[in-house]
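The residues making up each chain are set out below.
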Amino acid sequence: MAITGRSTIFFFLVISIHSFYFANAQSFIGVNYGQVADNLPPPAATAKLLQSTTFGKVRLYGADPAIIKALANTGLGIVVGAGNGDIPALASDPNFAGQWINANVLTYYPASNIVVVTAGNEVMTSGDQNLISAILPAMQNLQNALNAASLGGKIKVSTVHSMAVLTQSDPPSSGSFNPSFGDTMTKMLAFQRSIGSPFMINPYPFFAYQSDPRAETLAFCLFQPNAGRVDSGTGIKYMNMFDAQVDAVHSALSAMGFKDVEIVVAETGWPYKGDPNEVGPSVDNARAYNGNLIKYLKSMVGTPLMPGKSVDTYLFALYDEDLKPGPSSERAFGLFKPDLSATYDIGLSKSSQTPTTTPTTPTTPTTPTTPAGAAPTPTTPATPTTPTTPAGAATAPKQGGSGSWCVPKPGVSDAQLQTNLDYSCGQGIRGIAISRKRQLSLRLILVITVALTQVGVP
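Residues numbered from 1 in each chain as written. Predicted model: local features only at pLDDT ≥ 70, side-chain atom pairs only at ≥ 80, totals over all residues. Heavy atoms only, no water.

Draft legend 1. Expanded view of the pattern of salt bridges. A complete count under the given rule lists 8 salt bridges for this structure. In this structure, Arg287 and Asp284 form a salt bridge, with 3.2 Å as the shortest nitrogen-oxygen distance. Of this pair, Arg287 and Asp284 are both found in helix α11 (residues 283–298), 3 residues apart, which corresponds to roughly one turn of the helix. Taking the shortest distance from any N to any O, the salt bridge between Lys324 and Glu330 comes out at 3.6 Å. When sorted by exposure, Lys324 lands in the same class as Glu330, which is buried. Residues participating in the shared-partner salt-bridge network are Asp212, Arg214 and Glu216. (Salt bridge = Lys/Arg side-chain N within 4 Å of Asp/Glu carboxyl O. Helix = DSSP H or I, 4+ residues; strand = E, 2+ residues; numbered from the N terminus. Buried < 20%, exposed > 50% of the residue type's maximum accessible area, 1.4 Å probe, protein only.)

Put into structure tokens, the structure is as follows:
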């Protein structure tokens, strides 16, 4: 085949792969839906709003029946939470855990696509030793209840931590957990590894900037051009605070022998207004952080220590929560207003998607201490004190072309297919490994790869 023909087909391969990822990027970007407010839209209106955005998941701080019902048949993954106040009973009474799962999960599943149950919010840094000692038994009893309902492999049990669980995070390679947790953290992580449960964390570059309000720190936190920060332990240059904070968590997990436990960002965000004495809140900064974070996650670049994939991230928050205590910024993280209009535009609407480029992201290893979240009740989601960023919109370019699809020959091994993929994707596209999480995208790539082979491309 002529070089021109080869180039045309290769170009089609590249565009098809990128189009696929843009169209599906929202699957790992979610949003937090807190309810410490007296002016929120009805759940049904919120469900329609979420369906109009590129969010793929929504995290509740409790298990409000009206909200869970409204989210039925929307295709959105749902995180429900057992409040801190429920932890003692969940830990001491397996029957209570079974009743909680029956009332808050089985009643709605599978129409409401519940994917994670969280036991408490920021318990490990609450200072309440009774809760801290009860968190693992509570998680185990919830897991056993899910197992009894044959849902143990479909719904994960976890708990959410603030960045304060780390006593060291700068540089990221030195990340380590507070040694005062002792065996509690070790046993919890061993349990989570055994069930494939994610370690859920709340990193906030906003708080890192407040503790170091220099111009270069702001650029580093907002994914804007900056000089970067070199990790003295690894020589890696970090270009944004988000990466530095997430990799600090990864380093802490690795140091304890749990490198394989998945990390999920349960909250992250930036307020768009605050009190006169607060450093950092503004519409421009909130738009920059949330918008650039979304672009960065969609790029699939990953962090320096976890390259090639994006960490599941839940942005804080869907709405402002006007009843939350504290500085004005605590009540100004919302991406949307009560009238369902956007607070500022970062392209969250499915109707406004266009492909975006990867932003330059600076990140600092500074670990912000995120405010502990309020304990939600089992039926009413509580709001966390830690705000998170609005979830990013995923771009969905239209597929073009009228050619017929080719299919791979029957009996072709994964190894053979991987070889073809490595060749086809080796010209500037990050290598693609065969995994169940990427089955759908792999099918697309395999089809195109076989087409290349059939028309004579080596």
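Having seen the structure, we can now continue with the description.
Draft legend 2. Inspection of unusual backbone geometry at higher detail. Following Tyr109, the chain continues into Pro110 via a peptide bond in cis, with omega recorded as 10 degrees. Relative to the helices and strands, Pro110 is located in the loop between α5 (94–106) and β4 (114–121). Residue Ala317 follows Phe316 across a cis peptide bond; omega there is 5 degrees. Locating Ala317 in the fold gives a position in the loop between β14 (313–315) and α12 (414–424). In this model, Glu122 sits at a positive phi of 55 degrees, which is unusual for a non-glycine residue. Within the secondary structure, Glu122 is located in the loop between β4 and α6 (129–148). A relative accessible area of 1% places Glu122 in the buried class. For Met300, which is not a glycine, the phi torsion comes out positive at approximately 65 degrees. Here Met300 shows up in the loop between α11 and β12 (302–303). Judged by relative accessible area, Met300 falls into the buried class, the value being 10%.

Draft legend 3. Main features of the nonpolar core. By size, the foremost hydrophobic cluster in this structure holds 104 residues, and its most contacted members are Val80, Trp100, Val105 and Phe199. With 10 residues, α6 is the largest single contributor of residues to this core. Formed by 7 residues, the second largest nonpolar core is a distinct cluster that contains Val116, Met200, Ala266 and Tyr314. (Core = buried A, V, L, I, M, F, W, Y, C linked by side-chain atoms within 4.5 Å.)

Draft legend 4. A look at empty space enclosed by the protein. Under the defined criterion, the tally for this structure stands at 2 cavities of 30 Å³ or more. Approximately 50 Å³ is the volume found for the largest cavity. Elements represented by at least two residues in the lining of the largest cavity include exactly α10 (241–255), α11 and β12. In terms of residue class, the lining of the largest cavity is made up of 4 nonpolar, 3 polar and 2 charged. (1 Å grid on protein atoms, 1.4 Å probe; cavity = no way out; pocket = protein on both sides within 12 Å on 5 of 7 lines; lining within 4 Å. Points joined across faces, edges and corners; volume = space filled by probe spheres on them. Nonpolar A, V, L, I, M, F, W, Y, C, P; charged D, E, K, R; others polar.)

Draft legend 5. Summary view of the confidence of the model for the protein. Counting all residues, the mean pLDDT for the protein is 80, and 71% of those residues have values of 70 or more. Here residues 1–25 is a poorly scored stretch, pLDDT under 50, and it has 39 contacts once near neighbours within four places are set aside; other chains count. (pLDDT = per-residue confidence, 0-100. Contact = heavy atoms within 4.5 Å.)

Draft legend 6. Spatial organisation of the environment of Val283. With respect to the helices and strands, Val283 occurs in helix α11. Separated by 49 residues in the primary sequence, Val283 and Ala332 place their C-alpha atoms 9.9 Å from one another. Discounting chain neighbours no more than four positions away, the residues touching Val283 are Tyr272 and Tyr344.

Draft legend 7. View of the packing of aromatic side chains. Taken as a whole, this structure holds 13 aromatic pairs when the rule is applied. Consider the rings of Phe206 and Trp270, whose centres lie 5.2 Å apart with planes at 70 degrees: the pair is edge-to-face. Pair noted here: Phe206 is in helix α8 (residues 205–211) and Trp270 is in the loop between β11 (263–265) and α11, with a separation of 64 residues, a long-range link. You'll find Phe206 and Trp270 in the same group, each marked buried. Ring geometry for Phe223 and Tyr296: centres 5.5 Å apart, planes at 50 degrees, overall tilted. Highlighted residues: Phe223 in the loop between α9 (215–221) and β9 (229–230) and Tyr296 in helix α11, separated in sequence by 73 residues. On the accessibility criterion, Phe223 (2% relative accessible area) is buried. In textbook terms, an aromatic cluster arises when at least three aromatic residues are bridged by ring pairs, as seen for Tyr204, Phe206, Phe207, Tyr209, Phe223, Phe242, Trp270, Tyr289, Tyr296, Phe316 and Phe333. (Phe/Tyr/Trp six-rings, centres within 6.5 Å; stacked < 30°, edge-to-face > 60°.)

Draft legend 8. Main features of the pairing of strand β2 (residues 57–60). Where burial is concerned, the two faces of β2 agree: the one with Lys57 and Arg59 and the one with Val58 and Leu60 are both buried. Bridge count between β2 and strand β3 (residues 77–82): 3 bridges; the pairing is parallel. Residue pairing for β3: Arg59 is matched across the bridge by Val79. As a crossover connection, the stretch from β2 through helix α3 (residues 65–70) into β3 is right-handed. (Pairing = 2+ DSSP bridges. Right-handed = clockwise from strand over helix to strand, strands pointing away.)

Draft legend 9. How the structure looks around α6. Compared with an ideal rise of 1.5 Å per residue, which puts 20 residues at 28 Å, α6 spans 30 Å between its outermost C-alpha atoms and is within 8% of the ideal. Those residues of α6 not exposed but buried are Leu131, Ile132, Ala134, Ile135, Leu136, Ala138, Met139, Asn141, Leu142, Gln143, Ala145 and Leu146. Check the buried side of α6 and you find it contacts α4 (87–92), α5, β4, β5 (156–162) and α7 (183–195). Regarding α6, its N-cap is Asp128, as a side-chain oxygen of that residue lies 3.0 Å from the backbone nitrogen of Asn130 further along. Immediately downstream of α6, the backbone of Ser150 shows phi near 60 degrees, a positive value. (Expected span 1.5 Å × (residues − 1). Polar contact = N/O pair within 3.5 Å; in protein donor to acceptor, adjacent residues only side chain to side chain.)

Draft legend 10. Local environment of the pairing of β5. Of all 7 residues in β5, 6 are buried, a share of seventy percent or more. As defined by bridge partners, β4 adjoins β5 across 4 bridges and the pair is classed as parallel. The residue of β5 that forms the bridge with Val117 is Val157. Each parallel crossover has a hand, and for β4 linked through α6 to β5 it is right-handed. Where β5 lies against strand β8 (residues 199–202), 3 bridges are found, and the strand directions are parallel. Pairing of His161 across the sheet is with Ile201, part of β8.

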